[in-house]
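Observations on the model geometry
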Amino acid sequence: MEIPKTGVVKVLFTYEVVWEPSDIRWASRWDTYLAMGDVQIHWFSIINSVVVIFFLAGILTMIIVRTLRRDIAKYNKMDEEDETLEETGWKLVHGDVFRPPQRPKLLAAFIGSGIQLFCVTFIVIVFAMLGMLSPASRGALMTAGIFLFMFMGLVAGYYSARLYKTMKGTQWKKAALLTAMLYPSVMFGTCFILNFFILGKHSSGAVPFSTMVALLFMWMGISLPLVFIGYFFGSRKQPYEHPVRTNQIPRQVPDQMWYLSPYMATLMAGILPFGAMFIELFFIFTAIWENQFYYLFGFLFLVFIILIISCSQISIVMVYFQLCGEDYHWWWRSFVVSGGSAFYVFIYSIFYFVTKLEITEFIPTLLYFGYTALMVFSFWLLTGTIGFYAAYFFIRKIYAAIKID
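Residues numbered from 1 in each chain as written. Predicted model: local features only at pLDDT ≥ 70, side-chain atom pairs only at ≥ 80, totals over all residues. Heavy atoms only, no water.

Regarding the packing of aromatic side chains
What the rule picks out here adds up to 45 aromatic pairs. Measuring from centroid to centroid gives 6.1 Å for phenylalanine 110 and tryptophan 332, while their planes differ by 90°, and the two rings are edge-to-face. Note that phenylalanine 110 is positioned in helix H3 (residues 104-129) and tryptophan 332 in helix H11 (residues 331-338), a separation of 222 residues in sequence. Given a relative accessible area of 10%, phenylalanine 110 falls into the buried group. Both rings, one in tyrosine 158 and one in tyrosine 159, keep their centres 5.3 Å apart while their planes meet at 90°; by these two values the pair is edge-to-face. Take tyrosine 158: its relative accessible area is 23%, and that puts it in the partly exposed class. Taken together through their ring pairs, the aromatic side chains of Phe274, Phe278, Phe282, Phe283, Phe285, Phe343, Tyr344, Tyr348, Phe351 and Tyr352 make up a single cluster. The side chain of arginine 396 reaches across the aromatic face of tyrosine 392, ending 5.4 Å from its centre. (Phe/Tyr/Trp six-rings, centres within 6.5 Å; stacked < 30°, edge-to-face > 60°. Helix = DSSP H or I, 4+ residues; strand = E, 2+ residues; numbered from the N terminus. Buried < 20%, exposed > 50% of the residue type's maximum accessible area, 1.4 Å probe, protein only. Lys NZ or Arg CZ within 6 Å of the ring centre and 35° of its normal.)

This is the structure in structure tokens:
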């Protein structure tokens, strides 16, 4: 075919399709494309993580339960024998342990967003594990997650309100607005800015402006009112009951050991939860950034349960050591320490970027670290909320077990 130097040339392409019957069931026809390599390594890594985490969890539980039983028996025996003996350890701060923390509105907003993320993550993983959200259906996971997040605003508002009322908060309308706006505004604002860079590259992966506006209206029209409704009902409920009264005058906190400093405690506490999930994190990063399918939701559910157990136990242990050091500022510490694994997730994302991805341009690098920062922030809220509630229920339990006049 001769192509002239000027003018327009029309080229016709034709193709032929032959339909042949297949013995493979329709539900199994994606298995060829969803097959992942190194399945044995994956199995070995998961089993290894399960064994190590449960072994460490058993040791921690045995140590802290034995220590607590001895402490409680000693404190109750002291009360029976001689009331003039000086109190020591974590019983000494019983009059300050439930003193409301600084910035209660911000803490309640973080906890509310964390509960919202926890419910969404748990439901999506369970439905995906049961085969109702297949990765073969493009966008199904993201759509389900967004809709669930919008409607879980009711749960976030309710639990945030009860916690805020327990911390003696009175400005529940401002707290409700902060809970409804803080996390979604960070996510929406960052994605909106990053989307402009994608549009500047004329990429087909850019989210249309109409879709962004629709998400904004869903946020303002569904999630925000539901958070306020949840706050209304939560603020009408009774606050959580505490087994001991709070003194009017706060006691002075003595100097702490070096390993109980906030930064060191966060670094030490983040290792255990991260060790439980870093292998699965590799497969998730591969699915997101290297266009591969991720469908091992049974493994992901198992890792999620292990993450909950490890975050809860490491938060309880760190708060117990803190109280033994007569430091009663545990509200924020339990949240931050339990979310310490998010720091290691960010470090791993840098390692993955350097070793696995071949990205050299500015815009793709910005997109990678922008979206990764959002993932790390969400993971921090999720794990921090798990650790906070574990520590909170633990503290209520141990102070209810001792005799205090």
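A word on helix H7 (residues 209-236)
The terminal C-alpha atoms of H7, which comprises 28 residues, lie 40 Å apart, in line with the 40 Å expected from a rise of 1.5 Å per residue. Most pronounced at tryptophan 219, the bend in H7 amounts to some 30°. Within H7, burial applies to Met212, Met218, Trp219, Ser223, Leu224, Leu226, Val227, Gly230, Tyr231, Gly234 and Ser235. If you follow the buried residues of H7, they end up packed against H3, helix H4 (140-151), helix H5 (153-166) and helix H6 (172-200). (Expected span 1.5 Å × (residues − 1). Bend = angle between axes of the 7 residues up to and from the residue. Contact = heavy atoms within 4.5 Å.)

Structural notes on H11
Judged by how many residues are buried, H11 sits mostly within the fold: 6 of 8 residues are covered. Turning to H11, its buried residues number three or more, namely Trp331, Arg333, Ser334, Phe335, Val337 and Ser338. Contacts made by the buried residues of H11 are with H3, H5, helix H8 (262-269), helix H10 (297-324), helix H12 (341-355) and helix H13 (362-400).

A few points about unusual backbone geometry
Unusually for a residue other than glycine, arginine 103 sits at a positive phi of about 50°. As for its position among the elements, arginine 103 is in the loop between helix H2 (39-81) and H3. We note that lysine 168 has phi near 65°; this positive angle belongs to a residue other than glycine. With a relative accessible area of 62%, lysine 168 lands in the exposed category.

Remarks on the packing of H10 against H13
Between two packed helices, what matters for the description is the angle formed by their axes and the separation of those axes. Axis separation between H10 and H13 bottoms out at 8 Å; the angle between their running directions is 50°. The orientation of H10 with respect to H13, classified from their angle, is oblique. For H10 against H13, the interelement crossing comes out right-handed. Between H10 and H13, the residues in contact are Phe304, Leu307, Ile308, Cys311, Ser312, Ser315, Ile316, Val319, Tyr320 and Leu323 and Phe379, Leu382, Thr383, Ile386, Gly387, Phe388, Ala390, Ala391, Phe394, Ile395 and Tyr399, respectively. Considering only residue class, the contact of H10 with H13 consists of 17 nonpolar, 4 polar and no charged. (Axes fitted to C-alpha atoms, helices over the stretch in contact; angles between N-to-C directions. Parallel < 35°, antiparallel > 145°, perpendicular 65-115°, else oblique. Left-handed = near helix turned anticlockwise from the far one by under 90°. Nonpolar A, V, L, I, M, F, W, Y, C, P; charged D, E, K, R; others polar.)

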